[in-house]
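Each chain, written out:
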Amino acid sequence: MWSTTAVLRLFEKMPVLRMLQRVVGQMLQSPTCGCRAAALPGRILGTSPWQIPANANCHSASLSETDRPRVLITGGLGQLGVGLATLLRKQFGKDNVILSDIRKPSDQVFHSGPFIHSDVLDYKHLREIVVNHRITWLIHYSAVLSAVGEANVRLAKAVNITGLHNVLDVALEHNLRLFVPSTIGAFGPTSPRDPTPDLCIQRPRTIYGVSKVHAELMGEYYYYRYGLDFRCLRYPGIISADSEPGGGTTDYAVQIFHNAIKNGKFECYLKPSTRLPMMYIDDCLRATLEFMEAPVESLSSRTYNINAMSFCPEELAQEVLKHIPEFQITYNVDSVRQAIADSWPMNFDDSNARKDWGWKHDFDLPQLVTTMLSFIGSHSRVAQAN
């Protein structure tokens, strides 16, 4: 057996070993972030073990680590993904933002920037994309929405819960900044509705809402337990002109504009007085980017409400009438969607987002209606001409 003295003398005689000794000693005494180098063992189902730093602050990514983030957007062909990709590509460069989805993209989307066919339920492939493309931000838009989720609970559980677990584990393993949107659907009939604050009772009665509460809590757990840079915004109903309604309870506020221009009539599936918080898509996408760029130290929470306006179908129809005097609205209430809407907030309190990271909306109801009718009308005239 070699004595300790003999080993030290050997180090003194070998320059390379002496250098390694100094480097290892410095690492043990002063690790990155000023924390201890101790690690906790962790495991993702079906993968090999990896090491999780014991001090959560060491694991959080920041924009200072790279000039431009490399972004992966799951569920990218939904209402928000393509628009967010366009905004991020202008900000960070076309090749730094990858859209992914299980559906086939249009020619326009396919040629506008990188696209990868990917299923969030395929953990191995998701992991390969993150590694091969050096992803640093993951925007997780894959989800089954409220009305569709109630019709297919099994699918909603798979996509909204199992898919979430996959992106959480990939983000943790590869030190990503992870954004997962939540929704007004994360609240229930026992929540305060006017206004609804960031922190209150949440007892949703849809699988969509339950899965979003699950996402909020799992994301916060990963942040506090492991230091994952998880960020979440509770979106109100999002209104956009360049995407078709996707089965959400608030989609009447998109379809009404298409019908008003097409035939001057609209049959609404909610009661005239059903008030819900809403936002134009440009505000939503800008809020998402600003939130992702916000310094970690400015955030007092991991989940924030954001809002722009609140209105009911009757008020929206009155605003449309100012532009299309012959417009007519009728009501044929869908009991399932009405029950969902009646359990949701009537108005969001987003004062914390405005205070912490400077959130401010640009579009109110009159601007929303003018913009939507102008956009859809111009596209309709082009289509007719073609």
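The model shown is predicted, which means the values in this text are computed figures rather than measured ones.

Colleague: An account of the overall build of the protein chain is requested, with residue identities and associated values reported.
Modeller: On a plain count of helices and strands, the protein chain comes out with 14 helices and 15 strands. Per-residue burial over the protein chain gives 48% buried out of 386 residues. Counted over contacts in the protein chain with a minimum sequence separation of 6, partners at least 24 positions apart contribute 75%. With an accessible surface of roughly 19000 Å², the protein chain has 53% of that area assigned to carbon and sulfur atoms.

Colleague: Which residues make up helix α3 (residues 81-92), and what values go with them?
Modeller: With 12 residues, α3 should reach 16 Å at 1.5 Å per residue; the first-to-last C-alpha distance of 16 Å fits that figure. Of the positions making up α3, those classed as buried are G81, L84, A85, L88, R89 and F92. Down the axis of α3, the smallest arc covering the buried residues is 135 degrees, so these residues share one side. On its buried face, α3 is in contact with β3 (71-74), β4 (97-101), α4 (107-112), β6 (137-140) and α10 (281-293).

Colleague: Could you give an account of the sheet that holds strand β10 (residues 237-239), naming the residues involved and the relevant values?
Modeller: Overall, mixed pairing links the three strands, which are arranged β10-β12-β14 in an open sheet. The open sheet terminates on both sides in strands that have one partner only, identified here as β10 and β14 (309-311). Within this sheet the neighbouring strands show an average axis-to-axis angle of 45 degrees, counted without direction. Here three bridges tie β10 to strand β12 (residues 276-280), and the two strands are oriented parallel to one another. Looking at β12, one finds that G237 is bridged to M278. Of the strands in this sheet, β10 and β12 touch α10, which is tilted by about 80 degrees from β12.

Colleague: Lay out the confidence of the model for the protein chain in plain terms, naming residues and giving numbers.
Modeller: Chain-level pLDDT for the protein chain is 85 on average; 80% of the residues reach the 70-or-more range. Counted against residues more than four places away or in other chains, residues 4-65, with its pLDDT under 50, gives 69 contacts.

Colleague: Before we move on, can you summarise unusual backbone geometry with the specific residues and values?
Modeller: Residue P195 is bonded to the preceding D194 through a cis peptide linkage, with omega at 0 degrees. A positive phi is found at R134, a non-glycine position, where the angle reads about 50 degrees. Among the secondary structure elements, R134 is positioned in the loop between α5 (123-132) and β6. Under the relative-accessibility criterion, R134 is labelled exposed at 58%.

Colleague: Describe the environment of E244, listing the residues and the values that go with them.
Modeller: Within the secondary structure layout, E244 lies in the loop between β10 and α9 (252-262). Given a relative accessible area of 59%, E244 falls into the exposed group. The spacing of E244 and H258 is 14 residues in sequence and 9.4 Å in space, taken between C-alpha atoms.

Colleague: Tell me about the pattern of salt bridges, residues and numbers included.
Modeller: Applying the stated criterion to the full structure yields 13 salt bridges. Among the salt bridges present, the one from R234 reaches E216, with a minimum N-O distance of 2.9 Å. Linking R234 in strand β9 (residues 229-235) with E216 in helix α8 (residues 207-226), this pair joins segments that are 18 residues apart in sequence. Residue R234 is classed as buried on the basis of its relative accessible area of 2%. Overlapping salt bridges, with partners in common, bring together R177, D229, R231 and R302 in one network.

Colleague: Tell me about the packing of aromatic side chains, and name the residues and values.
Modeller: Counted according to the given criterion, the structure contains 14 aromatic pairs. Ring centres of Y221 and Y222 lie 6.1 Å apart, and the angle between their planes is 70 degrees; this geometry places the pair in the edge-to-face category. Judged by relative accessible area, which is 41%, Y221 ranks as partly exposed. Over the ring of F291 we find R231; its NZ or CZ atom is 6.0 Å from the centre of that ring. A cation over an aromatic ring shows up here: R337 above the ring of Y269, its NZ or CZ 4.3 Å from the ring centre.

Colleague: Tell me about the pairing of β3, and please be specific about residues and values.
Modeller: The alternating pattern of β3 places V71 and I73 and L72 and T74 on opposite faces, both of which are buried. You can see the chain leave β3, run along α3 and come back into β4, and the turn it takes is right-handed. Pairing geometry for β3 and β6, over four bridges, is parallel. Following the sheet pairing, I73 is matched in β6 by I139.

Scoring rules and cut-offs
- Residues numbered from 1 in each chain as written.
- Predicted model: local features only at pLDDT ≥ 70, side-chain atom pairs only at ≥ 80, totals over all residues.
- Heavy atoms only, no water.
- Helix = DSSP H or I, 4+ residues; strand = E, 2+ residues; numbered from the N terminus.
- Buried < 20%, exposed > 50% of the residue type's maximum accessible area, 1.4 Å probe, protein only.
- Contact = heavy atoms within 4.5 Å.
- Areas by Shrake-Rupley, 256 points an atom, 1.4 Å probe, with all protein chains shown as cover.
- Expected span 1.5 Å × (residues − 1).
- Arc of directions from axis to C-beta.
- Pairing = 2+ DSSP bridges.
- Axes fitted to C-alpha atoms, helices over the stretch in contact; angles between N-to-C directions.
- pLDDT = per-residue confidence, 0-100.
- Salt bridge = Lys/Arg side-chain N within 4 Å of Asp/Glu carboxyl O.
- Phe/Tyr/Trp six-rings, centres within 6.5 Å; stacked < 30°, edge-to-face > 60°.
- Lys NZ or Arg CZ within 6 Å of the ring centre and 35° of its normal.
- Right-handed = clockwise from strand over helix to strand, strands pointing away.

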